[in-house]
Amino acid sequence: MDFDKYQKLAKKTAVYPNIGANYIYPTLGLAGEAGEVAEKIKKVIRDDNGEITPEKRNEIEKELGDILWYIAQLSTELKLNLSHVAEKNLEKLQSRMKRNKLGGSGDNR
């Protein structure tokens, strides 16, 4: 599935206040879901000696899907095509790689 198709289909499942004029809701959802992934990974380290079982992998996959949904919704709220967001990100990373700037910090390196 391509990103634009996903974004279009994901939008059909969106239920929250002021859809189309509410970038705050998907932003908060994105942060929450990213926190859930971090929490699951933390518990793998704490409880499972860093070993990701098939069950844990499945749980994390579901959370990553939720993250993707919120990224799609935030992109929609900001009138961005998800495929364009992905393309621009790869362009940025390839530029950094060519300039040997993948490491370090700062948005404009």
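Here, the structure is the one placed above.
It should be emphasised that the depicted structure is a prediction, and the values quoted were computed from it without experimental measurement.

### Here's the deal with unusual backbone geometry
Part 1 of the reasoning: With a phi angle near 55°, Asn-18 is a residue other than glycine that sits in the positive phi range.
Part 2 of the reasoning: Along the chain, Asn-18 turns up in the loop between α1 (3-11) and α2 (24-47).
Part 3 of the reasoning: Residue Asn-18 is classed as exposed on the basis of its relative accessible area of 57%.
Part 4 of the reasoning: The phi dihedral of Lys-79 falls on the positive side, at around 60°, and the residue is not glycine.

### Examining the packing of α2 against helix α3 (residues 54-77)
Part 1 of the reasoning: Close contact between α2 and α3 brings their axes to 8 Å; oriented N to C, the two are set at 160°. Considering their axes alone, α2 and α3 lie roughly antiparallel with respect to each other. In this structure, α2 crosses over α3, and the sense of that crossing is left-handed. Of the residues in α3, those touching α2 at Tyr-25, Pro-26, Thr-27, Gly-29, Leu-30, Glu-33, Ala-34, Glu-36, Val-37, Lys-40, Ile-41 and Val-44 are Lys-56, Glu-59, Ile-60, Glu-63, Leu-64, Asp-66, Ile-67, Tyr-70, Ile-71, Gln-73, Leu-74 and Glu-77.
Part 2 of the reasoning: Looking at the contact of α2 with α3 residue by residue, the class counts come to 13 nonpolar, three polar and eight charged.

### Comments concerning the side chain of Gln-73
Part 1 of the reasoning: Tracing the sequence through the fold places Gln-73 in helix α3.
Part 2 of the reasoning: In this structure Gln-73 comes out as buried when scored by relative accessible area, which is 1%.
Part 3 of the reasoning: A distance of 3.2 Å separates polar atoms of two side chains, one belonging to Gln-73 and the other to Tyr-16.
Part 4 of the reasoning: Sequence-distant contacts of Gln-73, defined by excluding residues within four places in its chain, comprise Ala-10, Lys-11, Ala-14, Tyr-16 and Pro-26.

What counts, and where the lines are drawn
Residues numbered from 1 in each chain as written. Predicted model: local features only at pLDDT ≥ 70, side-chain atom pairs only at ≥ 80, totals over all residues. Heavy atoms only, no water. Helix = DSSP H or I, 4+ residues; strand = E, 2+ residues; numbered from the N terminus. Buried < 20%, exposed > 50% of the residue type's maximum accessible area, 1.4 Å probe, protein only. Axes fitted to C-alpha atoms, helices over the stretch in contact; angles between N-to-C directions. Parallel < 35°, antiparallel > 145°, perpendicular 65-115°, else oblique. Left-handed = near helix turned anticlockwise from the far one by under 90°. Contact = heavy atoms within 4.5 Å. Nonpolar A, V, L, I, M, F, W, Y, C, P; charged D, E, K, R; others polar. Polar contact = N/O pair within 3.5 Å; in protein donor to acceptor, adjacent residues only side chain to side chain.

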